[in-house]
Amino acid sequence: MVTRRQFASGAAGAAALVCLGRAGIQSTHSKPLPPATPLGHSRPVSAKLIAAERPYALGGVGGRPLPMWTFDDGTWPMTIRLNVGDRLDASFENRLPRPDQMASIHWHGIRLPNAQDGVPYLVQTPLRPGETFDYSFVVPDTGTFFFHTHCNSAEQLGRGLMGVLIVDGDVTEPYDADHMLVLRDWHVDAAASEFTAFMTLRGAGRAGTFGTLRTVNAASDPEILLPAVADCRLRLLNADTTRIMQIAIDGADSAIVAVDGVAVPPTPLTTWTLGPAMRIDLVLRTRHPRAVARLVDRANGERIELARFVATGAPRRRGRFEPAPLRAGRIAEPDLRSATRMAFAFHTTESGSAVAAVEGAGGGPLGPLCTSTRLFWGINDRSWPERGHDRLPPPLATLERGRSYVFHLKNRTPFAHPIHIHGHTFKLLRSTKQKRLVHYADTLLLLPDEEADVAFVADNPGDWMLHCHIIEHQETGMMGYLRVV
Ligand code: C2O
Ligand code: CU
């Protein structure tokens, strides 16, 4: 949530954003965002992703290596960086150590052609160990994204099988620093340097199975050096499979400048709820040399310190904190008057309610279609993959290409769900529980019993997943797909 607190220079009432709810969340940045960079000719950028087990020592597990699954030998996670409009040519090879570990790569938040979306069975046959596949697509949007496998995700993501994708071209005036911060909570037994259960029945039927080791960029409470008295861009990604974080910065002023890669007018940060797969870009104004600011998680009334920012060197800036905005996104604006309305309810199944009421242990076995065999959750009375696994269930809805839609999302459970749509980006219109600025998102957090309206133009043809990004919920039924024709 963001409060009314304004930048020193901001004029009251000059909000560029519509307010949500009574609290009036607003940016005080009064000018419209500068327009998106035009897409040039697509420069090819190649990347090689080899999914394999590689020993990797997280800072905080006594330096002993864990049997992580990663895409390359460098630092975790692998990072691909390119300019908006570039074409990514990514060759992928599955070298995972177990024959049942099928894999494909989903490029989370990237509005790409359906055949490149990496969803097993729906758009491609997942790769068995030893097989290769070439992805190739133009990146149409700037911002902070990531990629991950989409099969047996509790374990594959649990062991680290993801990477960061940064698309440049959104900066208007250079910031003084630009840091990627990957927030993760690992399922490890710190003493033994082993992974613990990535999925449990108890967790899958409730809020998920939480990890035991919080890290930022694979280190526990790292110290990150930033220039003093400087405007520093921080790209935050919640790369966890389960944990919802309440992000705040102590000891410095900061502003949100993008949500899920899409620019918002700079808006002072008090806290922001960041569920799995969600991103925010912040600009933080550091203080005098040696001043320390902290990245904290305030979820559940706690205060967990995630990272320390230490200001260093000669001061870079003078004057008030008025962070430069990013360039606007290029998401098509939905036409709310002509939009078709549809409702999607997220709920438990009978066995899900039962499991939430009892103690359980052990995850379900890995079933076909890359998910668990247990079904605890559903969308509109259906649970993925639903029935006989030799054919796909029908879509949750069929949408007309080019038409605007308003989805009424209803969380009928006592747990929060970060709801992710593939191939499109939602515009948040209103919500019954959270007061947030109007923004675009590919993953929207629904709090317990919350209802929210989101709108978008169904402008990307194909079959697109709609699912919860708490991986244990996704793998036990809270997934379906939309067909855009
Ligand atoms: Cu990041 Cu279908 O997922
Ligand atoms: Cu969920």
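Structural data are supplied above this passage.
Residues numbered from 1 in each chain as written. Chains lettered and ligands numbered in written order. Predicted model: local features only at pLDDT ≥ 70, side-chain atom pairs only at ≥ 80, totals over all residues. Heavy atoms only, no water.

## Section: unusual backbone geometry
Excluding glycine, residues mostly carry a negative phi; peptide bonds, for their part, are mostly trans.
Here is step 1: With an omega of -10°, the peptide bond between tryptophan 76 and proline 77 qualifies as cis.
Here is step 2: Of note, proline 77 is situated in the loop between strand S2 (66-70) and strand S3 (78-83).
Here is step 3: Phi is positive for tyrosine 121, close to 70°, though the residue is something other than glycine.
Here is step 4: Examined against the element boundaries, tyrosine 121 turns out to sit in the loop between strand S5 (105-108) and strand S6 (132-138).
Here is step 5: The exposure class of tyrosine 121 is partly exposed, given its relative accessible area of 34%.
Here is step 6: In this structure, aspartate 260 is a non-glycine residue whose phi angle is positive, near 50°. (Helix = DSSP H or I, 4+ residues; strand = E, 2+ residues; numbered from the N terminus. Buried < 20%, exposed > 50% of the residue type's maximum accessible area, 1.4 Å probe, protein only.)

## Let's talk about the nonpolar core
Here is step 1: Core analysis: the biggest nonpolar cluster contains 84 residues, and Leu49, Ile80, Leu88, Trp107, Leu165, Phe344 and Phe407 have the highest contact counts within it.
Here is step 2: Setting aside its immediate chain neighbours within four residues, leucine 88 contacts Val45, Ala47, Ile80, Leu82, Trp107, Tyr135, Ser136, Phe137 and Leu165. (Core = buried A, V, L, I, M, F, W, Y, C linked by side-chain atoms within 4.5 Å. Contact = heavy atoms within 4.5 Å.)

## A few points about the pairing of strand S29 (residues 443-446)
Here is step 1: Burial of S29 is two-sided: the residues Thr443 and Leu445 facing one way and the residues Leu444 and Leu446 facing the other way are all buried.
Here is step 2: Relative to S29, strand S26 (residues 417-421) runs antiparallel, the two being bridged by four bridges. In the sheet register, isoleucine 419 faces S29, and the bridge partner there is leucine 444. (Pairing = 2+ DSSP bridges.)

## Things to note about the sheet that holds strand S18 (residues 272-274)
Here is step 1: Strand order in the open sheet made by the five strands is S13-S21-S20-S15-S18, with mixed pairing throughout. Two strands in the sheet have a free side with no partner beyond their single neighbour: strand S13 (223-227) and S18. Neighbour-to-neighbour, the strand axes of the sheet open up by a mean angle of 30°, direction not taken into account.
Here is step 2: Pairing analysis gives three bridges linking strand S15 (residues 245-250) to S18, with the strands arranged antiparallel. (Axes fitted to C-alpha atoms, helices over the stretch in contact; angles between N-to-C directions.)

## Some points on the coordination of the copper ion (ligand 2)
Here is step 1: With distances of 2.0 to 2.1 Å, the protein atoms coordinating the copper ion (ligand 2) are His417 (ND1), Cys468 (SG) and His473 (ND1).
Here is step 2: All donors to the copper ion (ligand 2) come from one chain, and their sequence spacing reads H-x50-C-x4-H. Of this pair, histidine 417 sits in strand S26 while cysteine 468 sits in strand S31 (residues 462-468); the two residues are 51 residues apart in sequence, bridging distant segments of the chain. In terms of burial, histidine 417 and cysteine 468 fall into one category: buried. (Donors = N, O, S within 2.8 Å, 3.2 Å for Na, K, Ca; no water.)

## Focus on the environment of arginine 320
Here is step 1: Structurally, arginine 320 can be placed in the loop between strand S21 (304-312) and strand S22 (340-348).
Here is step 2: Distance from arginine 320 to arginine 285, taken between C-alpha atoms, is 9.5 Å for residues 35 residues apart in sequence.

## Here we look at the packing of aromatic side chains
The description of two aromatic rings rests on the distance between their centres and on the angle between their planes.
Here is step 1: Within the structure shown, the criterion is met by 16 aromatic pairs.
Here is step 2: Both rings, one in phenylalanine 195 and one in phenylalanine 198, keep their centres 5.3 Å apart while their planes meet at 45°; by these two values the pair is tilted. Taken individually, phenylalanine 195 and phenylalanine 198 each receive the classification buried, so the pair is uniform in this respect.
Here is step 3: Both rings, one in tryptophan 377 and one in phenylalanine 415, keep their centres 6.0 Å apart while their planes meet at 85°; by these two values the pair is edge-to-face. You can see tryptophan 377 sitting in strand S23 (residues 377-379) and its partner phenylalanine 415 sitting in the loop between strand S25 (404-411) and S26, a full 38 residues away along the chain.
Here is step 4: Here phenylalanine 415 falls in the buried class, since its relative accessible area comes to 18%.
Here is step 5: An aromatic cluster is defined as three or more aromatic residues linked by ring pairs; in this entry it consists of Phe71, Phe92, Trp107, Phe133, Tyr135, Phe137 and Phe147.
Here is step 6: Over the face of the ring belonging to tryptophan 186 we find arginine 184, whose NZ or CZ atom lies 4.0 Å from the ring centre. (Phe/Tyr/Trp six-rings, centres within 6.5 Å; stacked < 30°, edge-to-face > 60°. Lys NZ or Arg CZ within 6 Å of the ring centre and 35° of its normal.)

## Looking at the side chain of histidine 347
Here is step 1: Topologically, histidine 347 is positioned in strand S22.
Here is step 2: Here histidine 347 falls in the buried class, since its relative accessible area comes to 13%.
Here is step 3: One polar contact links the side chain of histidine 347 to the main-chain amide nitrogen of aspartate 381, over a distance of 2.8 Å.
Here is step 4: In this structure histidine 347 touches Phe376, Trp377, Gly378, Ile379, Asn380, Asp381, Arg382, Arg412, Thr413 and Met478, once residues within four positions along its chain are discounted. (Polar contact = N/O pair within 3.5 Å; in protein donor to acceptor, adjacent residues only side chain to side chain.)

Read these as geometric descriptors, not functional statements.
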